[in-house]
Structure formats: C-alpha cells, structure tokens
Amino acid sequence: MITVLTGGTGGGKFVWGLAQIVPPEQLTVIVNTGDDLTWWGLHVSPDLDSVLYALAGKLSRERGWGYEDDSFRCLERMQSLGAESWFQLGDLDLATHLRRTQLLSSGNSLTQATAELCRAMNVKQRLLPMTDDPVRTIVSTPEGDLTFQEYFVRERWKPAVVDVKFVGADKATTAPGVLQAIIHSDNVLIAPSNPVTSIGPMLAVPGVRDALRCTTAQVVAVSPIVGGSAVSGPAGEMLKMRGHAVSAAGVAEAYGGLVDVLIADSQDESQRREIEKHETQAAFTNTVMKSEEDKVALAKFALSAVGREVAR
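Residues numbered from 1 in each chain as written. Predicted model: local features only at pLDDT ≥ 70, side-chain atom pairs only at ≥ 80, totals over all residues. Heavy atoms only, no water.

Engineer: If you had to explain the overall build of the chain to someone new, which residues and values would you point to?
Structural biologist: Tallying secondary structure elements over the chain gives 13 helices and 14 strands in all. The globule rule puts the C-alpha radius of gyration for 312 residues at 20 Å, and the 18 Å found for the chain is close to it. Taken along its principal axes, the extent of the C-alpha atoms in the chain is 55 × 45 × 40 Å. When burial is assessed residue by residue, the chain has 55% of its 312 residues classed as buried. Pairs at least 24 residues apart make up 68% of the contacts formed inside the chain by residues separated by at least 6 positions. Counting every atom, the chain has about 13500 Å² of accessible surface; 47% of that belongs to carbon and sulfur. For the chain, the separation between the mean place of its 29 positive charges and that of its 37 negative charges on side chains is 2 Å. (Helix = DSSP H or I, 4+ residues; strand = E, 2+ residues; numbered from the N terminus. Rg over C-alpha atoms; globule rule 2.2 N^0.38 Å. Buried < 20%, exposed > 50% of the residue type's maximum accessible area, 1.4 Å probe, protein only. Contact = heavy atoms within 4.5 Å. Areas by Shrake-Rupley, 256 points an atom, 1.4 Å probe, with all protein chains shown as cover. Lys, Arg positive; Asp, Glu negative; His and termini not counted. Charge placed at Lys NZ, Arg CZ, Asp CG, Glu CD.)

Here it is, written out as structure tokens:
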C-alpha cells in the first residue's frame, strides 16, 4: 500500500500522476484540512476537493482548482445581493459543498462525508481528511490574524507573515485510518506541498509525527522549491518565516528528520550535500509538472526512489 500526505495544487497534480500508475485499492491519500472554512454557511474543504476532483478527472485544467468547465452564476448573483464574493465558488463546485454540509448536518463525520462524495464521483482510492475535528491554519501578520483563505485568496498572500498557528491541532484526533495507513504502508510519500501550511497542519495533529518516525516504510518527500523559489504559492515566504532557507535543503530541514529521501529538481543538484546534512538522502529529477506526462513521470520517479516497481 502507498500512503500520500498532501495539500495544495501541487499535491493534487502529484496524486493524479500516482493514480495513473498505482491500482486504486493500493493508494490512500491523507489530506490537509487546516484550510477548511465556512463560506455562505457551507463547509468547504479546498484541499480535499482538489484531490477529489483530480482523482475523478474533474479538476479544472485551466485554473488548477475547482471543477472543470464550471460557471459562476451563483457567485455573481450572491455578489449582487451584497454577499462576500472574494472566495470564488463555481456552480458545480457549490454542489459539492452543499452535499458535504448536508451530510455533516445529518451526523456524518468529515471522513464519512468524504467517503460518500468519493462513492458518488466513482473515486476508488481511499481519501481521508487528516482529522474529523476542526483545525484552522491562522496566519499572523503585522495587521492581525487571518485565516489561511483570507491570507491566500482574499489578500493574495501579500501581507508579511509573522507566524503560522494551527488552532485546534493540539486537541484534535487523527481521522480513522490515518495512523494505520502511515504505519502499515509499504511506502509513504509527501507531495510537493507547502511544508508549513499544507503538511504542517498534519504534523501538528498528535500522533502523525510519531507514525512517520515509527513506520518501517521509507518516507519520500518532493520539494516544492525549485531554483530558490516556490513553484507556486507562498511556500518560500513560509519557509523563510520559520527560519529555513528557501531551497530544497531548507525543505529537508523543515521536515526535521522525518523524511528518508527528498526528491528535488534537477537544477538543484548542487545542494546534495546540504540536503544530506539533514539525515536525508537526495534524489533529483524534473519536479515541475506542466503536463500530464510530467505528473506521471514524477510519480514514477518517486516510486523508483523507494525501489517500487510500477504496476501499470
């Protein structure tokens, strides 16, 4: 079995690549829920939905988030009625959040609601939220605290970042199956996600770090930093805020000995020694996923890094 820890747009691409070469019954995907928010009274799980849509073949190729070929008439109408509209939900995307909220209101956990959405969208892989409990990523700026979506979407990650907190993580319990998936996997992969705000919330939930340390599987991470900058989003700013270099070596340091192998981009091969100072082996390939072929190639390379033969 292969278990993937993921969040963000890079994570969705990487998981899609894996899904093309790994039988669905052998793939478990654990997803960050620190980005979740309540919007127009609905429970929205952006990272879960990106992976769900990617696995269902419905992730927007144009935007990299949201549902393919979506329209935004409801958003336009809500804006005309005076509702906030900075968080853009498409009409088909909105149906996902309506259904999730309906399931949660009926007493289902987020894990159960996610399983039902997977069933309805014919997604065969096991998709798990990191926890069923509320955990929220809060970004502290000189002007005050922002939820992650306020910082990332509304403010377009322009404010300086003083700190990042995962509110509720210390009291949260991992969702059913999360720790078992990590501990009993043949391979554990960490997607090219922001180490601070996508993977960080998962590591903040009690038990996850210990599971990564205890698993007999090799843990392989893909760096989201290429050539001294993030492929997308604020990963560079977040690493710098935590005191790490904005580099593949900085990513290795951020994971603090939890990772056996770090896959970095070929142009960062000069950092091999710096990466391996953090008790992490280094491997290099193209990590920028511009095409479907790139996604599959990176997934194959990640599996080869743990000596796994591609099943299909």
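Engineer: Outline the side chain of Asp265, listing residues and values.
Structural biologist: As for its placement among the helices and strands, Asp265 is situated in strand S13 (residues 261-265). Comment: no salt bridge for buried Asp265; closest opposite-charge side chain is Lys290, at 9.5 Å. (Salt bridge = Lys/Arg side-chain N within 4 Å of Asp/Glu carboxyl O.)

Engineer: Can you explain the pattern of salt bridges? Please cite residues and give values.
Structural biologist: This structure, assessed with the given rule, holds 13 salt bridges. Arg100 is the partner of Asp49 in a salt bridge, and the nearest nitrogen-oxygen pair spans 2.4 Å. Of this pair, Asp49 sits in helix H2 (residues 46-56) while Arg100 sits in helix H4 (residues 91-105), and the two are 51 residues apart along the sequence. Between Asp145 and Lys165 there is a salt bridge; the shortest N-O distance is 3.2 Å. With Asp145 in strand S7 (residues 144-147) and Lys165 in strand S8 (residues 163-167), this residue pair connects regions lying 20 residues apart in the sequence. Asp145 gets classed as partly exposed once you look at its relative accessible area, which sits at 46%.

Engineer: Describe in detail the sheet that holds S13, supporting the description with residues and values.
Structural biologist: If you trace the 7 strands from one edge of the open sheet to the other, you get S5-S2-S1-S9-S10-S13-S14, paired in parallel fashion. Strands at the two margins of the open sheet, each flanked by one partner only, are strand S5 (126-129) and strand S14 (281-285). Strand-to-strand, the axes of this sheet are offset by a mean angle of 20°, without reference to chain direction. Inspection of the sheet shows S13 paired to S14 by 5 bridges, in the parallel sense. Bridging from a neighbouring strand, Ile263 pairs with Ala283 of S14. The sheet contacts of helix H13 (residues 292-304) involve strand S1 (2-6), strand S9 (187-190), strand S10 (218-222), S13 and S14, and relative to S14 the element is tilted by about 155°. (Pairing = 2+ DSSP bridges. Axes fitted to C-alpha atoms, helices over the stretch in contact; angles between N-to-C directions.)

Engineer: Hey, could you go over the packing of H4 against helix H5 (residues 110-120) for me, with residue numbers and the actual values?
Structural biologist: It is at 9 Å that the axes of H4 and H5 come closest, and there the two elements cross at 135°. With respect to H5, the element H4 is oriented oblique. Viewed along their axes, H4 and H5 form a crossing whose handedness is right-handed. Counting all contacts with H4, which are made through Thr96, Arg99, Arg100, Leu103 and Leu104, the residues of H5 involved are Leu110, Ala113, Glu116 and Leu117. Tallied by class, the residues present in the contact of H4 with H5 amount to 5 nonpolar, 1 polar and 3 charged. (Parallel < 35°, antiparallel > 145°, perpendicular 65-115°, else oblique. Left-handed = near helix turned anticlockwise from the far one by under 90°. Nonpolar A, V, L, I, M, F, W, Y, C, P; charged D, E, K, R; others polar.)

Engineer: Tell me about the packing of helix H1 (residues 8-19) against H13, and name the residues and values.
Structural biologist: In the contact formed by H1 and H13, the axes pass within 8 Å of each other and the chain directions differ by 75°. Taken as axis vectors, H1 and H13 run roughly perpendicular relative to one another. Across the interface between the two elements, Lys13, Phe14, Trp16, Gly17 and Leu18 of H1 pack against Glu292, Lys295, Val296, Leu298, Ala299, Ala302 and Leu303 of H13.

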